[in-house]
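# Chains, contacts and geometry: an overview
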Amino acid sequence: MRSVKSYRAPQNPNRESMPHPLTARRSARISGRVRVPGDKSISHRALILGALAIGRTRIAGLLAAEDVMATAQAVDELGAEVTQKDGTVEVLGQGVGGLRAPQGPLDFGNSGTGSRLMLGVVAGHDMRVEFTGDASLCRRPMGRVLTPLITMGLQVEAQGEGGTLPLTVRGTGDILPIEYDLPVPSAQVKSAILFAGLHAPGRTTVIEPLATRDHTERMLAFFGAELHAEDKAGGGRAVTVCGDAELHGAALSVPGDPSSAAFLIAAALICPGSDLVVENVLMNPTRTGFLDTLREMGASIEVLDLRDEGGEPVGDLRVKAGPLKGVRVPPERAPSMIDEYPVLAVVAAFAEGETHMAGLAELKVKESDRLAATAAGLEACGVAVRIEGDDLIVRGRGAVKGGALVETHMDHRIAMAFLILGLGASEPVTVDDVTMIATSFPGFAALMTSLGAELA
Ligand SMILES: O=C(O)C1=C[C@@H](OP(=O)(O)O)[C@@H](O)[C@H](O)C1
Ligand SMILES: C=C(OP(=O)(O)O)C(=O)O
């Protein structure tokens, strides 16, 4: 058994000064039968809940990407030892409230999810912790998670300008339960509050305006917490966790990440003659907005063998290339496909007619301003695109010119989306840097190449 530190995904210390460009060329067909790496959201939560449980948690299929390895490292430094053996990762849980102060700062790299979820965990422990991350993470808003956690008892001792990382916080053993209306639909904020609520006496309730991914709720119940969820009028939900909780170590298997599968699906749709099966993809309804939208566009996507695995629906997806038409994507669908908009915009460029994606304000505060980066990349590739307020409107003409160098702004999803565009475009497309792809999808280029993609 080895500590997770010894197998941490290699990080490039010169990342910001050594960009690694990659070029995508028009590809004949994308075909085969493959799996994508484990779901990132479930992987973070499995490590965190494993640390808060009593006893050992065994995780099969954990995503071995930089974002998740940062969470594994943080959990390990907080005293819940993380080891791996034969592809299974094991966390030695310390029980709710049982973690200890780390020796140094916790570095979450590029990961919004890891840092925000762990702020909720630290809030319930009597300890002082410094949170830091890379240049992108240090620009992202933390006030959305700090505001409710401060109400519960967290103290912020130092912070970057405007409430950003690096942050020094002091948690408390006397955290208070709250009822909180989320001002933005964010699963990260909801989860941070529920994790803090595990330590509080009484019931902590989060009311969300639109239902966001519910992995925290499913996994809390799976680990033995008492939890209630109630649907609200207009698509919202109220989720309550009972505090002073006792969680028990569990064995779980992480399904394939639908946000990673999205790139393969998009490639198969736009490269003529493609016929692709992506196996073992998470089909949780709070994550399937991308598939729903593609079907409305006319895509041929079949779900084979829909099954339940460890409390989450999973299926194999068969995708075939074919003509697509533009559609209107309503704002209330955004939480169920928030990370898929850049690649949906790419697919929309190959469709016939206008695709209007409404209500994308949250895209502006991701690893980059994805609304601006997506529009700029499409424009550089000769696609008619415009931003109206928080909406992105793409006029598809059935074909895309390409022939551009696209700026990724150090954002993994922008890099992958525009490599996919290059596979279907008439002229090659180069993205300026693919280093960041390792934060969510290790082995992306090799997997795509094995399916017929021309990447070099
Ligand atoms: O909770 C999660 O695991 C995530 C929630 C989403 O962020 P928000 O909560 O900010 O919408 C998403 O963009 C991110 O990749 C993962
Ligand atoms: C937004 C993302 O992740 P995070 O917020 O965890 O950095 C993402 O993976 O697209």
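Residues numbered from 1 in each chain as written. Chains lettered and ligands numbered in written order. Predicted model: local features only at pLDDT ≥ 70, side-chain atom pairs only at ≥ 80, totals over all residues.

## Some thoughts on the overall build of the protein
Condition: Only DSSP runs of H or I covering at least 4 residues are called helices, and only runs of E covering at least 2 are called strands; the numbering of each starts at the N terminus. Radius of gyration: C-alpha atoms only; globule rule: 2.2 Å multiplied by the number of residues to the exponent 0.38. Once C-beta atoms are placed from the backbone, each residue is buried if 20 or more other C-beta atoms lie within 10 Å of its own, exposed if 12 or fewer, and partly exposed for counts between those two. By the convention adopted here, residues are in contact when the distance between their C-beta atoms, placed from the backbone, does not exceed 7 Å.
Within the protein, the regular secondary structure consists of 12 helices and 25 strands. What you see for the protein is a C-alpha radius of gyration of 21 Å, in line with the 23 Å of a compact globule of 456 residues. The principal-axis extent of the C-alpha atoms belonging to the protein is close to 60 × 50 × 45 Å. Expressed as a percentage of its 456 residues, the buried residues of the protein come to 54%. A separation threshold of at least 6 residues defines the contact pool for the protein, and within that pool the share at least 24 residues apart is 77%.

## Concerning the site of ligand 1
Defined as follows: By definition, a residue lies near a molecule or strand when the C-beta atom built from its backbone is within 6 Å of it. All residues other than Ala, Val, Leu, Ile, Met, Phe, Trp, Tyr, Cys, Pro, Asp, Glu, Lys and Arg, Gly among them, are scored as polar; the first ten of these are nonpolar and the last four charged. Segmentation into domains, and thus their bounds, comes from an automatic or database assignment.
Surveying the vicinity of ligand 1 reveals the residues Ser41, Thr113, Ser186, Ala187, Gln188, Ser191, Arg213, Ile338, Asp339 and Glu362. Of the residues in the shell around ligand 1, the class split is 2 nonpolar, 5 polar and 3 charged. Taken together, domain 1 (11–38 + 256–455) and domain 2 (40–253) each give at least three residues to the shell around ligand 1, which thus spans both.

## With respect to the confidence of the model for the protein
Here is the rule: The predictor rates its confidence in each residue with pLDDT, a number between 0 and 100.
Put simply, the protein has an average pLDDT of 95, and 96% of its residues get 70 or more. Strand E1 (residues 2–3) is the least confidently modelled element of the protein, averaging 49 in pLDDT, while helix H9 (residues 341–350) averages 99, the highest of any element. Across residues 5–10, where pLDDT falls below 50, the model places 12 contacts with residues more than four positions away in sequence or in other chains. Quick note on the complex model: pTM equals 0.97, ipTM equals 0.99.

## Topic: the packing of helix H1 (residues 40–52) against helix H2 (residues 66–77)
Let me state the cut-off plainly: The axes are straight lines fitted to the C-alpha atoms, using for helices just the contacting stretch, and the angles between their N-to-C directions are given from 0 to 180°. Comment on the angle field: the value is read as roughly parallel under 35 degrees, roughly antiparallel over 145, roughly perpendicular from 65 to 115, and oblique elsewhere.
Direction vectors running N to C along H1 and H2 enclose 5 degrees, while the axes themselves pass 9 Å from each other. As far as their axial angle goes, H2 and H1 are roughly parallel. Across from Lys40, Ser43, His44, Leu47, Ile48 and Ala51 in H1, the residues of H2 making contact are Asp67, Val68, Thr71, Ala72 and Val75.

## What about helix H10 (residues 370–380)?
Residues of H10 that are buried include every one of Arg370, Leu371, Ala373, Thr374, Gly377 and Leu378, and no others. On its buried side, H10 packs onto H9, strand E21 (384–388), strand E22 (391–397), strand E23 (402–406) and helix H11 (412–424). Directly beyond the C-terminal end of H10, a positive phi value near 85 degrees is found at Gly382.

## Observations concerning the sheet that holds strand E7 (residues 106–107)
We apply this condition: For two strands to count as paired, DSSP must find a minimum of two bridges between them.
Overall, mixed pairing links the 4 strands, which are arranged E7-E8-E10-E9 in an open sheet. Two strands lie at the open edges of the sheet, namely E7 and strand E9 (155–160), each paired on one side alone. Note that strand E8 (residues 128–132) and strand E10 (residues 164–170) share 4 bridges and pair antiparallel. Paired with Arg128 across the strands is Arg170, a residue of E10.

## Re the pairing of strand E2 (residues 22–25)
Of the two faces of E2, the one holding Leu22 and Ala24 is buried and the one holding Thr23 and Arg25 is not buried anywhere. Where E2 and strand E24 (residues 427–431) come together, 3 bridges link them in antiparallel fashion. Note on E24: the bridge partner recorded for Ala24 is Val429. Where E2 meets strand E25 (residues 454–455), 2 bridges bridge the pair, whose relative direction is antiparallel. When the sheet's bridge partners are listed, Ala24 is paired in E25 with Leu455.

## A few points about the nonpolar core
Under the convention used in this document: Linking buried Ala, Val, Leu, Ile, Met, Phe, Trp, Tyr and Cys residues through C-beta atoms within 7 Å yields a set, and such a set is a nonpolar core.
Judged by nonpolar contacts, the single largest core of 149 residues is most densely connected at Ala266, Ala267, Leu269, Val347 and Ile420. Broken down by element, the residue count for this core peaks at 10 residues, all from helix H7 (residues 258–270). Excluding residues within four positions of it along the chain, Leu269 makes contact with Leu294, Ala299, Val319, Ala321, Leu324 and Val347.

## As for the packing of helix H3 (residues 112–123) against helix H4 (residues 143–152)
At a closest axis distance of 10 Å, the pairing of H3 and H4 adopts a crossing angle of 5 degrees. Relative to H4, the element H3 is oriented roughly parallel. Contact with H3, carried on its side by Arg116, Leu119, Gly120 and Ala123, involves Val145, Leu149 and Met152 of H4 and no other residues of that element.

## What to know about the environment of Leu52
Its location among the elements puts Leu52 in helix H1. Taking C-alpha positions, Leu52 is 8.3 Å from Ala80, a pair spaced 28 residues apart along the chain. Leave out the neighbours within four places in its chain, and Leu52 touches Gly93, Val96, Val121, Leu198 and Leu247.

## Focus on the pairing of strand E5 (residues 82–85)
Strand direction decides the pairing type here: E5 and strand E6 (residues 88–94), joined by 4 bridges, are antiparallel. What sits directly across from Val82, in E6, is Val91.

## Section: the UniProt feature "binding site: 3-phosphoshikimate" (unreviewed entry) in the protein
This is how the line gets drawn: UniProt positions are given in the numbering used here, feature names are shortened, and annotations may be inferred rather than shown by experiment.
Within this numbering scheme, the UniProt entry marks Lys40, Ser41, Arg45, Ser186, Gln188, Asp339 and Lys366 as carrying the feature "binding site: 3-phosphoshikimate" (unreviewed entry). Within the secondary structure layout, Lys40 lies in helix H1. Of the residues examined, Lys40 has 24 C-beta atoms within 10 Å and is grouped as buried. Not counting residues within four places of it along the chain, the set of residues in contact with Lys40 comprises Leu63, Ala65, Asp67, Val68, Asp257 and Ser440. Mapping Asp339 onto the fold places it in the loop between strand E19 (328–329) and H9. Note on Asp339: 22 C-beta atoms within 10 Å, which makes it buried.

## Some thoughts on the domain arrangement of the protein
Examined at the domain level, the protein breaks down into domain 1 (11–38 + 256–455) and domain 2 (40–253). Taken together, the 25 residues of domain 1 in the interface contact 28 residues of domain 2.

## Thoughts on the sheet that holds strand E3 (residues 31–35)
Strand order in the open sheet formed by 4 strands is E3-E16-E18-E17, and the pairing between neighbours is mixed. Each end of this open sheet is capped by a strand with a single partner; those strands are E3 and strand E17 (300–309). Within this sheet the neighbouring strands show an average axis-to-axis angle of 15 degrees, counted without direction. Summarising the sheet, strand E16 (residues 275–282) and strand E18 (residues 312–320) pair through 6 bridges and their orientation is antiparallel. For Leu282, the partnering residue across the bridge sits in E18 and is Val314. The sheet strands contacting H7 are E16, E17 and E18, and the helix crosses E16 at an angle near 170 degrees.

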